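Remarks on the overall topology
So the chains spell out like this:
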Amino acid sequence: MDDADRKIIEALIVDARVSLKDLAKHAGLSSPGVSERVRRLLERGIIRGFTVDIDPKVLGYSLQAIVRIRPLPGKLHIVQQLIQEIPEFCECDKVTGEDCFIARLAVPSIEQLDGILDKISDKAETSTSIVKSQPIHRRPPPLVVREDEG
């Protein structure tokens with residue numbers, strides 16, 4: 001990935017709907033050149049797709065929670081499938097350590113949160129934290145891998 005690719009990605013991070021003309025201007029390339037580079041970035045898996053960022057609060061999901069989930073013995077795959085099937089789980093990471101999953105839920109109320117957790121309570125132990133604020137929204141890693149000094 002060269003400097004032009006980085007400029008393209010930076011512009012797409014700010015606005016994934018930017019026109020090819022504006023993207024070309026930002027990267028210092030022609031529109032066909034930018035189009036080809038975007039195609040290659042997609043093919044290489046550097047860009048996985050173009051998304052819409054939705055504010056859950058505007059849709060009525062005023063509460064977000066982070067849930068650490070530890071499946072009971074023999075229930076790992078069942079719990080993973082349940083998490084995938086419950087649409088209020090917005091994100092989930094399978095992690096090392098005592099807990100197998102760390103998930104983010106968006107719900108309109110504590111009562112709905114309880115109802116969702118009840119669906120997995122006979123298959124896993126959970127520990128829930130309510131999100132007060134999100135100082136850093138999801139963002140990509142730096143586009144340049146930093147070398148450790150020393």
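Look up: the structure comes first, before these words.
Quick summary incoming for the structure in this document. (Residues numbered from 1 in each chain as written. Predicted model: local features only at pLDDT ≥ 70, side-chain atom pairs only at ≥ 80, totals over all residues. Heavy atoms only, no water.)

**Looking at the pattern of salt bridges**
Tallied over the full model, the rule gives twelve salt bridges. For arginine 68, the salt bridge is made with aspartate 99, and the minimal N-O distance between the two is 2.7 Å. Pair noted here: arginine 68 is in strand E1 (residues 63–71) and aspartate 99 is in the loop between strand E2 (89–94) and strand E3 (101–107), with a separation of 31 residues, a long-range link. Each of the salt bridges in this network shares a partner with another, and the network as a whole consists of Arg68, Arg70, Glu98, Asp99 and Glu125. (Salt bridge = Lys/Arg side-chain N within 4 Å of Asp/Glu carboxyl O. Helix = DSSP H or I, 4+ residues; strand = E, 2+ residues; numbered from the N terminus.)

**A look at helix H5 (residues 110–120)**
Residues of H5 that are buried include every one of Leu113, Ile116, Leu117 and Ile120, and no others. Viewed along the axis of H5, the buried residues span an arc of 95°, placing them on a single side of the element. In H5, the exposed residues that point more than 90 degrees away from the buried face are Glu111 and Asp118. Those residues of H5 that are buried lie in contact with E1, helix H4 (76–85), E2, E3 and strand E4 (124–130). (Buried < 20%, exposed > 50% of the residue type's maximum accessible area, 1.4 Å probe, protein only. Arc of directions from axis to C-beta. Contact = heavy atoms within 4.5 Å.)

**Focus: a nonpolar patch on the surface**
The grouping of Val52, Ile54, Leu59 and Tyr61 at the surface amounts to a nonpolar patch, some 420 Å² of accessible area in total. Assignment of secondary structure puts leucine 59 in the loop between helix H3 (31–43) and E1. Judged by its relative accessible area of 56%, leucine 59 is exposed. (Patch = residues over 30% accessible without salt bridge, like charges linked within 9 Å, V, L, I, M, F, W, Y side chains within 5 Å. Areas by Shrake-Rupley, 256 points an atom, 1.4 Å probe, with all protein chains shown as cover.)

**Here we look at helix H1 (residues 3–14)**
Taking 1.5 Å per residue as the helical rise, H1 with its twelve residues ought to reach 16 Å, and the 17 Å between its terminal C-alpha atoms agrees with that figure. Every buried residue of H1 is listed here: Ala4, Asp5, Arg6, Ile8, Ile9, Ala11 and Leu12. The elements touched by buried residues of H1 are helix H2 (20–27) and H3. (Expected span 1.5 Å × (residues − 1).)

**Concerning the environment of glutamine 112**
Along the polypeptide, glutamine 112 turns up in helix H5. On the basis of relative accessibility, which here comes to 27%, the residue glutamine 112 falls in the partly exposed class. Along the primary structure glutamine 112 and leucine 63 are separated by 49 residues, whereas in three dimensions their C-alpha atoms are 9.9 Å apart. Sequence-distant contacts of glutamine 112, defined by excluding residues within four places in its chain, comprise Glu88 and Val107.

**Structural notes on the nonpolar core**
One finds Ile69, Val79, Ile83, Phe89, Leu105, Leu113 and Ile116 to be the most contacted residues of the largest nonpolar core, which totals 18 residues. Here leucine 105 is in contact with Leu63, Gln64, Ala65, Val67, Glu88, Phe89, Cys90, Leu113 and Ile116, once residues within four sequence places are set aside. By size, the runner-up hydrophobic cluster in this structure holds eleven residues, among which are Ile9, Ala27, Val34 and Leu41. (Core = buried A, V, L, I, M, F, W, Y, C linked by side-chain atoms within 4.5 Å.)

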